[in-house]
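# An overview of the molecular structure
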Amino acid sequence: MKTYKLAVIKGDGIGPEIVDETLKVLDKTGERFGFGFEYLPCKMGGEAIDATGVPLPQETIDVCKSADSVLLGAVGGEKWDTLPGHLRPEAGLLGIRGALGLYANLRPARIFAPLKNASPIKSEIIGEGLDILVVRELTGGIYFGERGRREVNGAAAAYDTEQYTVPEIERIARVGFEMAQKRGKKLTSVDKANVLESSRLWRETVIALAAEYPDVQLNHMYVDNCAMQLVRNPRQFDVIVTSNIFGDILSDEASMISGSIGMLASASLARGSFGLYEPIHGSAPDIAGKGVANPLATILSAAMLLQYSLGEPKAAAAIERAVNEVLATLRTPDIFEPGCQKAGTIEVGDAVCARL
Ligand code: IPM
Ligand code: MG
């Protein structure tokens, strides 16, 4: 029997609860489809700060590198919010992206049929539904550029730098084109080329690549317009490809259009098949330990893992089907609607397993 090695970072807040349910679902999926998992626990974020003094211990990087892929719950919490920047849980997240070369962040924002009423956007705008994939560059740009403090004209000042090289733009644009080829064949490249030089290079590079993907319809949009269009007419989008900072902001906006951040999964991919999979939502310290957190975004992240990293698309589809079935009856409080049964984290995990 094939055994996949998964590094597992449960993390902080609700992380451990939602990851436990996801591991149950993975085990059940493996049983049904004929493969198994070996889980390698590792620490990152607040949990790692408490245990080792740093948010991303070298041991975690080593264990992740030895695995087929990584499953992550969530990191962060008030307890660590006053630490200096490089020691905060978020630095662990940025650090692991860099250390593992996770340059392509896939953030699907879609409306699950049973949750149609959850979107804050009017139903006539949503129409039949919504299925947008944000492809965010994840290891370059201003989040990784040179930064610092200095004095300017006698005043204290601070700076961060946005820089992209042509190879960095090409490799993320290729992911955008390839994803579009597998979906609706439409790619929107988002930049701020009317102002930023880095965006002008971004646009030139994407245009030059487009010749290799004649079956994909490419358009360009300024980021401010895109933010507006996502609310005005979100159905015009299929795949959006953009820089680290623009993707950070637009993917939060796109996720809210779907109405249920507790449902949205993500994949961060390196060259080859290696990836890190995590829910889009955070560690929700306010509900941690209460048994009410929605595990479905993490469970759906595991489905992405099976699809993109392990080459098990049938198993991935089975999880998605089971999640949709569960949504028809059982709901955690964040997505509760009258007519459904209110359920806790473990009940929802059990219900997904039962439908596999
Ligand atoms: C995200 C988060 C992170 C980011 C933070 C926590 C560093 O907002 O994954 O979108 O900005 O990338
Ligand atoms: Mg973000």
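Note that the structure is predicted; figures quoted are calculated from it, not measured. (Residues numbered from 1 in each chain as written. Chains lettered and ligands numbered in written order. Predicted model: local features only at pLDDT ≥ 70, side-chain atom pairs only at ≥ 80, totals over all residues. Heavy atoms only, no water.)

### Points about the sheet that holds strand β2 (residues 35-41)
Definition in use: At least two DSSP bridges between two strands are required for those strands to pair. Counting from the N terminus, the helices are the DSSP runs of H or I reaching at least four residues and the strands are the DSSP runs of E reaching at least two. Whenever a helix is involved, its axis is fitted only over the stretch in contact; in every case the axis is a line through C-alpha atoms, and angles between N-to-C directions fall within 0 to 180 degrees. Here a residue-residue contact requires only that any non-hydrogen atoms of the pair lie within 4.5 Å.
With mixed pairing, 10 strands are arranged side by side in an open sheet as β2-β1-β3-β12-β11-β4-β5-β10-β8-β9. Unpaired on one side and paired on the other, β2 and β9 (217-222) mark the two borders of the sheet. Pairs of neighbouring strands in the sheet enclose a mean axial angle of 25°, with direction left out of account. In this sheet, strand β3 (residues 69-74) lies alongside strand β1 (residues 2-11) in parallel orientation, the contact comprising five bridges. Looking across to β3, one finds that A7 is bridged to V70. In the packing of helix α9 (residues 244-257) onto the sheet, the strands contacted are β4 (104-110), β5 (131-137), β8 (186-191) and β10 (239-242), and the crossing angle to β5 comes to about 160°.

### Observations regarding the domain arrangement of the protein chain
Definition in use: Residue ranges assigned to the domains are those given by an automatic or database domain assignment. By convention, the term buried area covers the 1.4 Å-probe accessible surface removed from two parts as they join, with the contributions of both added. The term salt bridge refers to a pairing of a side-chain nitrogen on Lys or Arg with a carboxyl oxygen on Asp or Glu at a separation within 4 Å. A 3.5 Å cut-off defines polar contacts: any pair of N or O atoms within that distance qualifies, except that in protein one atom must be a possible hydrogen donor and the other a possible acceptor, and neighbouring residues in sequence count only when both atoms are side-chain atoms.
Here the domain parsing of the protein chain yields domain 1 (1-108 + 261-356) and domain 2 (131-256). Summed over both sides, the interface between domain 1 and domain 2 buries roughly 1500 Å², with carbon and sulfur atoms accounting for 65% of that surface. It is Y103, N105 and R107 in domain 1 that bury the most area against domain 2; as a group they hold 41% of the surface buried on that side. Where domain 1 touches domain 2, the interface holds zero salt bridges. The interface formed by domain 1 and domain 2 contains four residue pairs in polar contact (both at pLDDT 80 or more).

### Things to note about the site of ligand 1
For clarity, the cut-off: In this text, near means that some heavy atom of the residue lies within 4 Å of the molecule or strand in question. In short, Shrake-Rupley with a 1.4 Å probe defines the accessible areas, and a residue's cover is counted only from the protein chains shown. Classes in brief: Ala, Val, Leu, Ile, Met, Phe, Trp, Tyr, Cys and Pro nonpolar; Asp, Glu, Lys and Arg charged; the others, Gly included, polar.
Neighbouring residues of ligand 1: E90, L93, R97, R107, R136, Y143 and D248. R136 has a polar side-chain atom sitting 2.8 Å from an oxygen atom of ligand 1. Contact between ligand 1 and D248: an oxygen atom at 2.9 Å from a side-chain N or O atom of the residue. For ligand 1, whose free accessible area comes to 320 Å², the fraction covered by protein is 72%. Per-element tally for the shell around ligand 1: the top contributor is helix α4 (residues 89-99), with three residues. In terms of residue class, the shell around ligand 1 is made up of two nonpolar, no polar and five charged. Mapping the shell around ligand 1 onto the domain boundaries places at least three of its residues in each of domain 1 (1-108 + 261-356) and domain 2 (131-256).

### Re the packing of aromatic side chains
The condition that has to hold: When the centres of two rings from Phe, Tyr and Trp lie within 6.5 Å, Trp using its six-membered ring, the rings pair. Their planes under 30 degrees apart give stacked, over 60 give edge-to-face, and anything left gives tilted. Three labels apply to residues, based on accessible area from a 1.4 Å probe with only protein chains included: buried if under 20% of the type maximum, exposed if over 50%, partly exposed otherwise in between. Placement of a charge over a ring requires the Lys NZ or Arg CZ to be within 6 Å of the ring centre, with the centre-to-atom vector within 35 degrees of the ring normal.
This model, assessed by the stated rule, comprises six aromatic pairs. Judged by centre distance (5.5 Å) and plane angle (70°), the ring pair of Y4 and F35 falls under edge-to-face. In this pair, Y4 is assigned in strand β1 and F35 in strand β2, connecting sequence segments 31 residues apart. Here the two residues Y4 and F35 agree in accessibility, since each one is buried. Centroid distance F177 to Y213: 4.5 Å. Interplanar angle 0°. Geometry classified as stacked. Remark: Y213 occurs in the loop between α7 (197-210) and β9 and F177 occurs in helix α6 (residues 166-182); sequence separation between them is 36 residues. Of the two residues, F177 and Y213, neither departs from the other in class, the shared state being buried. Joined through ring pairs, the aromatic side chains of Y4, F35, F37 and Y39 make up one cluster. The ring of Y103 has R171 sitting right over it, with the charged end atom 4.2 Å from the ring centre. Here K342 stacks its cationic end above the ring of F336, 4.7 Å away from the centre of that ring.

### Some thoughts on helix α12 (residues 345-354)
Every buried residue of α12 is listed here: T345, V348, G349, A351, V352 and C353. As for α12, its buried residues are in contact with α1 (15-33), α10 (296-308), α11 (313-327) and β13 (330-331).

### Concerning the pairing of β1
Put simply, side chains in a regular strand alternate between the two faces of the sheet. Selection rule: Whether a crossover is right-handed comes down to one check: with the strands pointing away from the viewer, does the path from the first strand over the helix to the second run clockwise; if it does, it is right-handed.
As paired strands, β1 and β2 are joined by seven bridges and run parallel to one another. Bridge pairing links L6 to Y39 in β2. Since β1 and β2 lie parallel, the crossover through α1 that links them has a hand, and here it is right-handed.

### Comments concerning the side chain of N294
Locating N294 in the fold gives a position in the loop between β12 (275-279) and α10. Residue N294 is classed as buried on the basis of its relative accessible area of 6%. For N294, the side chain forms a polar contact with the main-chain oxygen of G262, separated by 3.3 Å. Reaching out from N294, the side chain makes a polar contact with the backbone nitrogen of L296 at a distance of 2.9 Å. Discounting residues that sit within four places of it in the chain, N294 has contacts with I18, G262, M263, H281, T332, D334 and I335.

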